[in-house]
Amino acid sequence: MKRQLFCGLAFLLLFVTSTLRAQHIEVLQQGKPTSIRGLSVVNDNTAWVSGSKGTIAITNDGGKTWDWKQVKGFEKSDFRDIEAFSFKDAIIMSSGTPALILKTTDGGENWQVKYKNADTSYFFDAMDFDTPKHGLVLGDPIGGKFVLMETNDSGETWHSFKNPPDALPGEACFAASGTCLRMSCGFTYVITGGSSARLLTYSGKKSWDYRNIPFAHAKSSQGGFSFVCGDNLGIMVGGDYANPQKPDSTAGVQLIRNIFVSAEKSPAGFQSCVEHISDKVFLSTGTPGSNLTTDGGKTWNKINGVSYNVCLKAKQGTLVLLAGDGGKIGIFKP
């Protein structure tokens, strides 16, 4: 019996080790003078990135080659998020002043300003769409309410969302990867940090649901940074970007009926983004590197030590890309 148990444990260890070794990340691009935080993977061929110094880039061959551009007239803008719908159509959002939303319909050759606000109180954090026509842009709180802009015509016009979520004093969101706002699984999710760490959920009814999450907070650099829904689970990551090597309070799991639990084995340090890959497999990334869970967020294992800001999977397909500072773009190999 002991021999059988030993053989079983040895096989399991070998299987897990070989699985993690097989799953890795390869660098596709780097050495560009921009910090990339916006990423949108349309399918297995087409993806867009956006970042500082008015930079965007497009690939139509699965990431092998990229066409880099600076948006004319916006060379100083920091495009923290992007939503792409095809190789021609995309929307970018800038943080800072002025707050901007731009749209292209010709592959990034020309951009039209669809929203502009010079009020210094406005700071956009993230953008997401649940249909090609309907999307939201999230901003830091003003007057005790999170800024939430809405479009119902594919980004042509934007208006204030009729029922934005309440914010606690000192609470905010992080414009780190464009994934502190998610519209998926039939809900709208906002994950927060700062003085409080919460998950705000909206189902289309009159009121938002507010739940504390098991993340360190109190400092402006701490809290939840990213949320994703998949396989009947909600996975969230974060930590403290000012202390990125600190491994505690970096991942949590939202179970059915909104029960939150901390990971038994957390990612190795601060993580700014998490993405659902398949079944119970989720990928996260951040300053100290990238981590993978194959058991629905209970345990995480570091698979790469290279710094990235964002990781996303194709809306239609299996391509998974990562992007970060220095124009770095990577591909996840399952």
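You'll find the structure just up there.
It should be emphasised that the depicted structure is a prediction, and the values quoted were computed from it without experimental measurement.

## Comments concerning the sheet that holds strand β19 (residues 209-212)
Strand order in this open sheet of 4 strands is β15-β16-β18-β19, and the pairing throughout is antiparallel. Both outer strands of the open sheet, β15 (181-184) and β19, are each paired with one neighbouring strand and no more. Pairs of neighbouring strands in the sheet enclose a mean axial angle of 20°, with direction left out of account. Relative to β19, strand β18 (residues 198-202) is paired through 4 bridges, and the arrangement is antiparallel. Bridging from a neighbouring strand, Arg198 pairs with Asn212 of β19.

## Comments concerning the side chain of Ser284
For Ser284, the location among the structural elements is in strand β25 (residues 281-286). In this structure the side chain of Ser284 is engaged in a polar contact, spanning 2.6 Å, whose partner is the side chain of Gln271. Contact partners of Ser284, with chain neighbours within four places excluded, come to Val237, Pro267, Gln271, Cys273, Val274, Gly289, Ser290, Asn291, Trp300 and Cys311.

## Remarks on the environment of Leu148
Of note, Leu148 is situated in strand β12 (residues 145-151). Placed 10 residues apart in sequence, Leu148 and Trp158 show a C-alpha to C-alpha distance of 10.0 Å.

## Section: the sheet that holds strand β26 (residues 289-293)
Pairing is antiparallel across the open sheet formed by 4 strands, whose spatial order is β24-β25-β26-β27. Of all strands in the sheet, those bounded by a partner on one side alone are β24 (273-278) and β27 (301-304). The mean inter-strand angle of the sheet, taken between neighbouring strand axes irrespective of direction, is 30°.

## Observations concerning a nonpolar patch on the surface
Together, Leu255, Ile259 and Val261 line one region of the surface with nonpolar side chains, adding up to about 210 Å² of accessible area. On the basis of relative accessibility, which here comes to 45%, the residue Ile259 falls in the partly exposed class.

## Quick look at the state of the cysteines
What the rule picks out here adds up to 1 disulfide. Between Cys173, a cysteine without a disulfide, and Cys180, which holds the nearest cysteine sulfur, the sulfur-to-sulfur distance is 4.6 Å. On the accessibility criterion, Cys173 (6% relative accessible area) is buried. Not part of a disulfide, Cys311 finds its nearest cysteine sulfur in Cys273, a span of 4.0 Å. By relative accessible area, Cys311 is classed as buried at 0%.

## Some remarks on the nonpolar core
Formed by 27 residues in total, the largest nonpolar core has its most connected members in Val41, Val49, Leu283, Leu321 and Phe332. For this core, the secondary-structure elements that each account for two or more residues are β2 (36-41), β3 (47-51), β24, β25, β28 (310-313), β29 (320-323) and β30 (329-333). In this structure, Val41 is in contact with Thr46, Ala47, Leu312, Lys313, Ala314, Lys315, Leu319 and Leu321, ignoring residues within four places of it in sequence. Grouped together as the second largest cluster of nonpolar side chains are 25 residues, Ala197, Trp208, Phe227 and Met236 included.

## A look at the pattern of salt bridges
Applying the stated rule across the entire model yields 11 salt bridges. Of the charged contacts, one joins Lys69 and Glu109 as a salt bridge, the two residues approaching to 2.7 Å between their closest N and O atoms. Taken together, the residues span a long stretch of sequence, with Lys69 in strand β5 (residues 67-70) and Glu109 in the loop between β8 (99-104) and β9 (112-117) at a distance of 40 residues. Here the salt bridges share partners, and the residues they tie into one network are Asp67, Lys69 and Glu109.

## Section: the pairing of β15
The pairing of β15 with strand β16 (residues 187-191) spans 4 bridges and is antiparallel. Pairing of Arg182 across the sheet is with Tyr189, part of β16. Turn length for the β15-β16 hairpin, with the two strands adjacent in sequence and antiparallel, is 2 residues, and the turn residue Cys185 shows positive phi of about 55°.

## Overview of the packing of aromatic side chains
Evaluation of the coordinates by the stated rule reveals 12 aromatic pairs. Residues Phe85 and Phe129 carry aromatic rings whose centres are separated by 5.2 Å and whose planes lie at 80° to one another, so their mutual orientation is edge-to-face. Of this pair, Phe85 sits in the loop between β6 (78-84) and β7 (90-95) while Phe129 is found in strand β10 (residues 124-129), placing the two residues 44 residues apart along the sequence. Owing to a relative accessible area of 28%, Phe85 belongs among the partly exposed residues under this scheme. Judged by centre distance (5.9 Å) and plane angle (45°), the ring pair of Phe187 and Tyr189 falls under tilted. The exposure class of Tyr189 is buried, given its relative accessible area of 6%. Site record: aromatic cluster; members linked through ring pairs are Phe174, Phe225, Tyr241 and Phe270. The ring of Tyr308 is capped by Lys328, whose NZ or CZ atom sits 5.5 Å from the centre of that ring.

How each quantity is defined
- Residues numbered from 1 in each chain as written.
- Predicted model: local features only at pLDDT ≥ 70, side-chain atom pairs only at ≥ 80, totals over all residues.
- Heavy atoms only, no water.
- Pairing = 2+ DSSP bridges.
- Helix = DSSP H or I, 4+ residues; strand = E, 2+ residues; numbered from the N terminus.
- Axes fitted to C-alpha atoms, helices over the stretch in contact; angles between N-to-C directions.
- Polar contact = N/O pair within 3.5 Å; in protein donor to acceptor, adjacent residues only side chain to side chain.
- Contact = heavy atoms within 4.5 Å.
- Patch = residues over 30% accessible without salt bridge, like charges linked within 9 Å, V, L, I, M, F, W, Y side chains within 5 Å.
- Areas by Shrake-Rupley, 256 points an atom, 1.4 Å probe, with all protein chains shown as cover.
- Salt bridge = Lys/Arg side-chain N within 4 Å of Asp/Glu carboxyl O.
- Buried < 20%, exposed > 50% of the residue type's maximum accessible area, 1.4 Å probe, protein only.
- Disulfide = S-S within 2.5 Å.
- Core = buried A, V, L, I, M, F, W, Y, C linked by side-chain atoms within 4.5 Å.
- Phe/Tyr/Trp six-rings, centres within 6.5 Å; stacked < 30°, edge-to-face > 60°.
- Lys NZ or Arg CZ within 6 Å of the ring centre and 35° of its normal.

Geometric descriptors of this kind do not, in isolation, establish any biological role.
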